[in-house]
Amino acid sequence: MDKEKFESIYHTMCGLVWQEYAEQGVEDIFCDGSVCSSAYEEISCAYERLRKRLHVNGEDRDVDTILYNYEKINREIARKMLEYGIKYAKEGN
C-alpha cells in the first residue's frame, strides 16, 4: 500500500479530515462516545493537571515529546498492522 493511501486511511480513522475527503468505509475511531474519544479526553485532563502541578504556562516540552512520540509509535503500529492484514489476506490465512 502506498504512503498516500495509508495516510488517507489513518487520517480518516483519527477524524482528521473533512467528511467529503474521508475514505469511504473507514470508521472515525475518535467519534463521540468511542473508546478513543474517552481515552483522549483522559489524556487531555491529565495533561492539564500536569501543567498545573508543574506550574507551566502553555505547553510543556517534555510532556509534548512523550505524546508526540507515542503517536509516532501508534502510527507505525497501524501501518504495520495494515501491511500484515493485506499480506495475510492475499495468502488466504
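The model shown is predicted, which means the values in this text are computed figures rather than measured ones. (Residues numbered from 1 in each chain as written. Predicted model: local features only at pLDDT ≥ 70, side-chain atom pairs only at ≥ 80, totals over all residues. Heavy atoms only, no water.)

Draft legend 1. Expanded view of the overall build of the protein. A count of helices and strands for the protein gives three helices and zero strands. Secondary structure elements of the protein, listed N to C terminal, follow the sequence α-α-α. Against the globule reference of 12 Å for 93 residues, the protein gives a C-alpha radius of gyration of 17 Å, more extended than a compact globule. Summarising its shape, the C-alpha atoms of the protein cover approximately 55 × 25 × 20 Å along the three principal directions. Evaluated residue by residue, the protein yields a buried proportion of 15% over its 93 residues. Residue pairs in contact within the protein that sit at least 24 positions apart in sequence constitute 27% of those at least 6 positions apart. (Helix = DSSP H or I, 4+ residues; strand = E, 2+ residues; numbered from the N terminus. Rg over C-alpha atoms; globule rule 2.2 N^0.38 Å. Buried < 20%, exposed > 50% of the residue type's maximum accessible area, 1.4 Å probe, protein only. Contact = heavy atoms within 4.5 Å.)

Draft legend 2. Broad picture of unusual backbone geometry. In the Ramachandran plot, H55 falls in the positive-phi region, its phi being about 55° despite a non-glycine side chain. Topologically, H55 is positioned in the loop between α2 (35-53) and α3 (61-91). On the basis of relative accessible area, H55 is assigned to the exposed category, the value being 71%.

Draft legend 3. Just a nonpolar patch on the surface, in detail. A surface patch of nonpolar side chains, about 510 Å² in accessible area, is lined by L16, V17, W18 and Y21. The exposure class of Y21 is exposed, given its relative accessible area of 58%. (Patch = residues over 30% accessible without salt bridge, like charges linked within 9 Å, V, L, I, M, F, W, Y side chains within 5 Å. Areas by Shrake-Rupley, 256 points an atom, 1.4 Å probe, with all protein chains shown as cover. Salt bridge = Lys/Arg side-chain N within 4 Å of Asp/Glu carboxyl O.)

Draft legend 4. Main features of α3. With 31 residues, α3 extends 45 Å between its outermost C-alpha atoms, agreeing within 8% with the 45 Å of an ideal straight helix rising 1.5 Å per residue. Its side-chain oxygen 3.2 Å from the backbone nitrogen of D62, D60 forms the N-cap of α3. Two residues or fewer past α3, G92 is found with a positive phi of approximately 80°. (Expected span 1.5 Å × (residues − 1). Polar contact = N/O pair within 3.5 Å; in protein donor to acceptor, adjacent residues only side chain to side chain.)

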